[in-house]
Amino acid sequence: MTATTTMHIGELAERTGLSLRTIRHYDEIGILKPTGRTEGGFRLYTAEDESRLLLIRRMKPLGYSLEETGELLELIDALAEDPGDERLRDRLELVRAEAAGRRDRLRAQLEAADDFLEQLGRR
């Protein structure tokens with residue numbers, strides 16, 4: 001798909017594994033606005049929108065709230081407009097470090113779950 005190629009919400013949902021309801025909700029709260037609309041008012045999305053939606057989806061297991069997700073997306077958008085802004089880069093690095101910490105906590109929880117299953121298997 002080229003940058004100018006668009007897809008309807010159903011295709012986006014299928015490609016990302018998210019529900020139509022979730023995608024519509026993200027539009028309503030402003031974290032994933034469609035790139036355009038058809039004459040009939042149907043949402044149109046691009047590959048860039050798909051990439052943004054996948055980023056949102058990947059934040060969920062790390063426990064980010066929708067508010068935190070929106071703040072990160074605003075930061076990413078600001079960096080896209082001004083890639084040389086060191087203040088924004090520093091903020092992004094803080095988010096990355098925090099995400100790494102969240103990932104490490106998830107990894108520890110997964111190891112505990114694996115240990116639990118192993119113990120059950122020995123009984």
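Please read all numbers here as calculations on a predicted model, not as lab measurements. (Residues numbered from 1 in each chain as written. Predicted model: local features only at pLDDT ≥ 70, side-chain atom pairs only at ≥ 80, totals over all residues. Heavy atoms only, no water.)

Let us look at the pattern of salt bridges. For side chains bearing opposite charge, pairing can occur when the charged atoms are close. Counting across every chain of the model gives 12 salt bridges. A salt bridge links R102 to E68, with the nearest nitrogen and oxygen atoms 3.4 Å apart. Of this pair, R102 sits in helix α5 (residues 86-121) while E68 sits in helix α4 (residues 66-81), and the two are 34 residues apart along the sequence. Judged by its relative accessible area of 30%, E68 is partly exposed. The salt bridge partner of E93 is R96, with a shortest N-O separation of 3.0 Å. (Salt bridge = Lys/Arg side-chain N within 4 Å of Asp/Glu carboxyl O. Helix = DSSP H or I, 4+ residues; strand = E, 2+ residues; numbered from the N terminus. Buried < 20%, exposed > 50% of the residue type's maximum accessible area, 1.4 Å probe, protein only.)

Taking strand neighbours across the sheet as the criterion, the three strands line up as β1-β3-β2 in an open arrangement whose pairing is antiparallel. In the strand order of this sheet, the two ends are held by β1 (7-8) and β2 (36-37), each with one partner. When β1 meets strand β3 (residues 43-45), the two strands line up antiparallel, connected through two bridges. Looking at the pairing, M7 lines up with Y45 of β3. (Pairing = 2+ DSSP bridges.)

Between the first and last C-alpha of α4 there are 23 Å, a value that for 16 residues agrees with the 22 Å anticipated at 1.5 Å per step. Listed as buried for α4 are T69, G70, L72, L73, L75 and L79. In this structure, the buried side of α4 is in contact with α3 (47-59) and α5. (Expected span 1.5 Å × (residues − 1). Contact = heavy atoms within 4.5 Å.)

What follows is about the layout of surface pockets. Within this model, the largest pocket holds a volume of roughly 240 Å³. In terms of lining, the largest pocket is formed by K33, T35, E48, D49, S51, R52, L55, L73, I76, D77, A80 and E81. Split into classes, the residues belonging to the lining of the largest pocket amount to four nonpolar, two polar and six charged. When its volume is computed, the second largest pocket comes out at roughly 160 Å³. If you trace the second largest pocket, you find it lined by M59, Y64, E68, E71, L72, L75, R91, L94, V95 and E98. For the lining of the second largest pocket, the elements supplying multiple residues, two or more each, are α4 and α5. Among the residues making up the lining of the second largest pocket, the classes are represented as six nonpolar, no polar and four charged. (1 Å grid on protein atoms, 1.4 Å probe; cavity = no way out; pocket = protein on both sides within 12 Å on 5 of 7 lines; lining within 4 Å. Points joined across faces, edges and corners; volume = space filled by probe spheres on them. Nonpolar A, V, L, I, M, F, W, Y, C, P; charged D, E, K, R; others polar.)

Time to look at α5. Its 36 residues give α5 an end-to-end C-alpha distance of 52 Å, which sits within 8% of 52 Å, the value for a rise of 1.5 Å per residue. Burial in α5 covers these residues: L88, A100 and R102. Buried-residue contacts for α5 involve α4. With a side-chain oxygen positioned 2.9 Å from the backbone nitrogen of R87, the residue opening α5 is D85. (Polar contact = N/O pair within 3.5 Å; in protein donor to acceptor, adjacent residues only side chain to side chain.)

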